[in-house]
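Understanding the architecture of this molecule
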Amino acid sequence: MTLTRKISLVTTLLYLLISTASPARTQTVRERGVDEGKMKVFVDDLLAKMTLEEKLGQLNQHRWSWGENGDSIRQIYQKNVRDGQAGSFLGLQGVAYSAEIQRIAVEESRLGIPLLLAQDVIHGWRTTFPTPLGEASSWDPALAEKTARVAAVEASAQGLHWTFAPMVDVARDPRWGRIVEGAGEDPYLGGLLAAARVRGFQGTDLSQPNTILACAKHFAAYGGAEAGRDYNIVDISPRTLFEIYLPPFHRAVEAGVATVMGAFNEVNGVPMHANGYLINEVLRNGWGFRGLVVSDYTAIMELQRHGVAATPAEAGILGLTSGVDVDMVSEIYHLELPQMVREGRLSGAVVDQAARRVLEAKYRLGLFEDPFRYHNAEREKTLILHPDHLQIALEAATKSIVLLKNDHGILPLPPAPGSLAVIGALAADQDAPLGPWRGQGMAEDVVSVLSGIREKLPQSTSVYYQPGYTLPEFAGEGLMEAALQAVDQAEAVILVVGETARMSGEASNRTDIGLPGDQLALAKAVLGRGKPTVVVLMNGRPLAIPWLAENAPAILETWFLGVRMGPAVAKVLFGEENPGGKLPVTFPRVTGQIPIYYNHRSTGRPPREDDFFSSKYLDAHWTPQFPFGFGLSYTTFAYDGLAVDRESIGVGEKMAVRFQVRNTGTRKGDEVVQCYLQDNVGSVTRPVRQLVAFERITLQPGEAKTMNFTIYPEQMSFYNSGMQKTIEPGQFTVFVGGSSTAELSAGFEVVAN
Ligand code: NOJ
């Protein structure tokens, strides 16, 4: 079909920009037990009794302070609670104290409205799981749901009602430290994990004492920070915003997420806390989100720094009218806005609406019925670090490991080597596995890689451990010599290198994502000794490791895997478990390739070795070091028999795809089976391919499985040059395989109805 014909047929399916927004896609509120009618009557009645100050008080979120001067601050906060001037707290947990502040709210304030207690429960609470980016490597939404469930059980046992998770920001720039908190670069994988985590935190009944409000953050495009510098401006096209950054939020909303947090950044000139279009029009009216929107920390105040408000009062008006209901920490809403309403500069109806949303969240949690249902010392004592939780931590850690290289099958190592050198201070470190957002996670709970290895090996194996470098500086001086002596004594070597936990996370950006400090020099020296050496990477973000990728015979990507990191890594090293994770993000060869991601749009001069005037570099190859979706196994898999259900379908129909995957090796193994789609010709440039389906399966040696995937009309759609959502008739190509470079392909046509 010609392009002109295609364009002329565009009209077959058009949606307005914000009608990603069809009524069929409005939010499914998952919780049972809440009678919406009854809730409305209750909230109406309560609002009628509240003063303007009390309503704005509900919109105020304080940060609890345990630190110096804490006493006087705590007294002010307690007074505010008594006066109805605080609706929620950030950072106050532990049954004893949180019950006391709840008692003050319920017994000593005029209307006795209970508080919401919130905290960042990101990848576990006390039982720490892999960081979200690590866990995304499992490509296992059911697992993500399970770990979020456990996190909710533990956090709620310590009096918390609300987590600021999941972080669903797509990240295409690994310099940005917060890439560690999300699911990587892909909107589809990220969306499924976002929904799974929402289900895990919130369960099916928010009024149960072990379910908590989830919060999809940071709305929106926080991961688009220019130059990978956290909080920086975001300058992206509407197309990229709607096709890449927004879909995981939409999935979270469809899964019933109760709250959403604004992003610190501006997008194309509009700070997100002043972005009424995206919050009120797209999120609320468009997608049907009915929950509350909370600001990020002091972000209402920061509207002044963005230069879009001249005074705190103006910032407050802007934030609230743009749809941000709760003011985290700035203390602008409750201090500045009463006067603004009185002066007629802010509508009282906007205040009522926001207060209603806060009260509804409290109602859904069942707090008006029993404000203390989350404060149960017995649950706190018995559930934290429960053995079942630790078992899930081990499963999550094991499933998140990615095998990046394994020349000559050097891995797995024999289960009982005579001797082994373990080199690298990270191996013995109990801090790094907790990652940068550790909740109540404690180093004493962590089994380090070194301990995991020692526990796994028989007494007969001599394990020689040497740090090789210092932490957190990664300085090798004075330590390398001893490390090399250990290498010389051993039959095989495990070299652990990477980053400390604090080198990623909020505000922890890097301009060079290579191995920090002297680690590369150490690696060169160790590998120079010629022993069979396995490199274990422990890091929060993709690293640029061209030398290791070329010279190390085996590389395992283990991220920060949480409290059971050591046993998980040891099981994989010695073959008790077969690694089956895949990368949720592209690994560049060098930092200068960033941004590099698999689902880029087509260019007129795609890179070609034999064409100088094509899109490439003089000093590095254009391809990634390790592509999105990549990961090896101790076994091998073959794909064949790809067939599409029909050669052509009408616009708006779905397509069934079928093929076979066979375990062609000699060990049982997991494969993440992936399916990508390309729209061959469009009225605008389209991604060279995009992930549309996947499943992690386990196959015995020789076993084959027939896979059936469905490609939905939504996945064939895109925004045309007028930003109208469209499915254009024409040819599509399906690719299936074990990574984003999958080659087995089949075509089908979408024809005009
Ligand atoms: C700032 C972070 O951006 C956000 O993710 C977090 O939830 C808040 N601080 C509260 O801790």
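Calculation criteria
Residues numbered from 1 in each chain as written. Predicted model: local features only at pLDDT ≥ 70, side-chain atom pairs only at ≥ 80, totals over all residues. Heavy atoms only, no water. Helix = DSSP H or I, 4+ residues; strand = E, 2+ residues; numbered from the N terminus. Rg over C-alpha atoms; globule rule 2.2 N^0.38 Å. Buried < 20%, exposed > 50% of the residue type's maximum accessible area, 1.4 Å probe, protein only. Areas by Shrake-Rupley, 256 points an atom, 1.4 Å probe, with all protein chains shown as cover. Lys, Arg positive; Asp, Glu negative; His and termini not counted. Charge placed at Lys NZ, Arg CZ, Asp CG, Glu CD. Expected span 1.5 Å × (residues − 1). Polar contact = N/O pair within 3.5 Å; in protein donor to acceptor, adjacent residues only side chain to side chain. Axes fitted to C-alpha atoms, helices over the stretch in contact; angles between N-to-C directions. Parallel < 35°, antiparallel > 145°, perpendicular 65-115°, else oblique. Left-handed = near helix turned anticlockwise from the far one by under 90°. Contact = heavy atoms within 4.5 Å. Nonpolar A, V, L, I, M, F, W, Y, C, P; charged D, E, K, R; others polar. Pairing = 2+ DSSP bridges. Phe/Tyr/Trp six-rings, centres within 6.5 Å; stacked < 30°, edge-to-face > 60°. Lys NZ or Arg CZ within 6 Å of the ring centre and 35° of its normal. Near = heavy atom within 4 Å. Domains from an automatic or database assignment. Buried area = accessible area lost by both parts, 1.4 Å probe. Salt bridge = Lys/Arg side-chain N within 4 Å of Asp/Glu carboxyl O. Core = buried A, V, L, I, M, F, W, Y, C linked by side-chain atoms within 4.5 Å.

To continue, consider the overall build of the protein chain. When helices and strands are counted, the protein chain shows 24 helices and 27 strands. At 27 Å, the protein chain has a C-alpha radius of gyration in line with the 27 Å of a compact globule built from 753 residues. On the principal axes, the C-alpha backbone points of the protein chain span a range of 75 × 70 × 45 Å. The buried share among the 753 residues of the protein chain stands at 62%. Element-wise, carbon and sulfur atoms account for 50% of the exposed surface of the protein chain, whose accessible area totals about 26800 Å². For the protein chain, the distance from the average site of its 69 positive side-chain charges to the average site of its 83 negative ones is 3 Å.

Look at helix 8 (residues 187-202): 22 Å from first C-alpha to last across 16 residues, which is about the 22 Å you get at 1.5 Å a residue. Counting buried positions over the 16 residues of helix 8 gives 14, a clear majority of the element. Put simply, Asp186 is the residue that caps the front of helix 8, since its side-chain oxygen is 3.0 Å from the backbone nitrogen of Tyr188.

The N-to-C vectors of helix 17 (residues 387-399) and helix 23 (residues 565-573) enclose an angle of 50°; their axes lie 8 Å apart at closest approach. Judged by the angle between their axes, helix 17 and helix 23 are oblique. Where helix 17 crosses over helix 23, the handedness of that crossing is right-handed. Between helix 17, through Leu394, Ala397 and Thr398, and helix 23, the contact on the second element is made entirely by Pro567, Ala568, Lys571 and Val572. Its residues assigned to classes, the contact of helix 17 with helix 23 comprises five nonpolar, one polar and one charged.

To continue, consider helix 13 (residues 312-321). Of all the residues in helix 13, the buried ones are Ala313, Ala315, Gly316, Ile317, Gly319 and Leu320. Tucked inside the fold, the buried residues of helix 13 contact helix 12 (302-306), helix 14 (333-342) and helix 15 (348-364). Looking one or two residues beyond helix 13, the residue adopting positive phi is Gly323, at roughly 110°.

A word on the sheet that holds strand 17 (residues 554-557). Strand order in the open sheet formed by six strands is 12-17-16-15-13-14, with mixed pairing between adjacent strands. Across the chains shown, the open sheet's two edge strands, defined by having one partner strand only, are strand 12 (402-406) and strand 14 (462-466). With strand direction ignored, the average angle separating the axes of adjacent strands in the sheet is 15°. Where strand 15 (residues 492-498) and strand 16 (residues 533-538) come together, six bridges link them in parallel fashion. Bridge pairing links Ile494 to Val534 in strand 16. Relative to strand 13 (residues 419-423), helix 20 (residues 480-489) is tilted by about 155°, and along the sheet it contacts strand 13, strand 14 and strand 15. Of the strands in this sheet, strand 13, strand 15 and strand 16 are in contact with helix 21 (residues 519-527), which crosses strand 15 at around 170°.

Counting across every chain of the model gives 27 aromatic pairs. In this structure an aromatic cluster arises from ring pairing among Trp139, Tyr188, Tyr598, Phe628, Tyr676 and Phe694. Directly above the aromatic system of Phe735 lies the positively charged group of Arg689, at a separation of 3.7 Å from the ring centroid.

What follows deals with the site of the ligand. Around the ligand, a shell composed of 13 residues is seen, among which Asp120, Arg178, Lys217, His218 and Asp296 lie nearest. With respect to the ligand, the side chain of Arg178 contributes an N or O atom lying 2.6 Å from an oxygen atom. In isolation the ligand exposes 300 Å². Once the protein is present, 94% of that is buried. Taken together, the residues of the shell around the ligand break down into seven nonpolar, one polar and five charged.

One can read the domain layout of the protein chain as domain 1 (34-380), domain 2 (395-593) and domain 3 (637-751). Summarising the inter-unit geometry, the C-alpha centres of domain 1 and domain 3 are found 36 Å apart. Between domain 1 and domain 3, the residue contacts involve 12 residues of the former and 16 residues of the latter. For domain 1, the biggest contributors to the area lost against domain 3 are Trp139, Tyr188 and Arg239; these three give 56% of the whole. Between the two partners, domain 1 and domain 3, sit one salt bridge.

Formed by 187 residues in total, the largest nonpolar core has its most connected members in Phe89, Phe219, Ile453, Leu548 and Leu573. Here this core gathers at least three residues from each of two domains, domain 1 (34-380) and domain 2 (395-593). Every residue in contact with Phe89, bar those within four places of it in the chain, is listed here: Gln61, His62, Trp64, Tyr77, Val81, Ile101, Leu115, Leu116, Leu117 and Ala118. Membership of the second largest hydrophobic core comes to 28 residues, among which are Cys675, Ala693, Ile697 and Phe709.

Bringing the sheet that holds strand 26 (residues 730-737) into the picture now. A sheet is described by the order of its strands in space; here five strands give the open sequence 19-27-26-21-22, paired in mixed fashion. The two strands at the open ends of the sheet, each matched to only one other strand, are strand 19 (648-650) and strand 22 (690-699). Taken pair by pair, the neighbouring strands of this sheet meet at an average axis angle of 25°, ignoring direction. Of the strand pairs in this sheet, strand 21 (residues 669-679) and strand 22 are connected by nine bridges, and their pairing is antiparallel. Bridge pairing links Gln674 to Phe694 in strand 22.

Looking now at unusual backbone geometry. Residue Ala165 is joined to Pro166 through a cis peptide bond whose omega torsion reads 5°. Residue position: Pro166 is located in the loop between strand 5 (162-163) and helix 8. Residues Ile594 and Pro595 are joined by a peptide bond in cis, for which omega reads 0°. Here Pro595 shows up in the loop between helix 23 and strand 18 (637-644). Look at Asn268: it is not a glycine, yet its phi comes out positive at around 50°. Its location among the elements puts Asn268 in the loop between strand 8 (266-267) and strand 9 (270-271). A positive phi angle, near 55°, is found at Glu331, a position not held by glycine. Along the chain, Glu331 falls in the loop between strand 11 (327-328) and helix 14.

In regular strands, side chains alternate between the two faces of the sheet. Among the eight residues of strand 26, seven are classified as buried, and the element is accordingly described as predominantly covered. With six bridges connecting them, strand 21 and strand 26 associate as antiparallel partners. Of the residues in strand 26, the one forming a bridge with Gln674 is Gly737. Judged from the seven bridges that link them, strand 26 and strand 27 (residues 744-751) form a sheet pairing that is antiparallel.

Turning our attention to the pattern of salt bridges. A pair can form between side chains of opposite charge whenever their charged atoms are brought close. Enumeration over the complete set of coordinates arrives at 44 salt bridges. Here Glu369 ties to Arg373 by a salt bridge, and the two come within 3.2 Å at their closest N and O atoms. Judged by its relative accessible area of 68%, Glu369 is exposed. If you follow the salt bridges from partner to partner, you end up with Arg82, Glu100, Arg103, Glu107 and Glu108 in one network.

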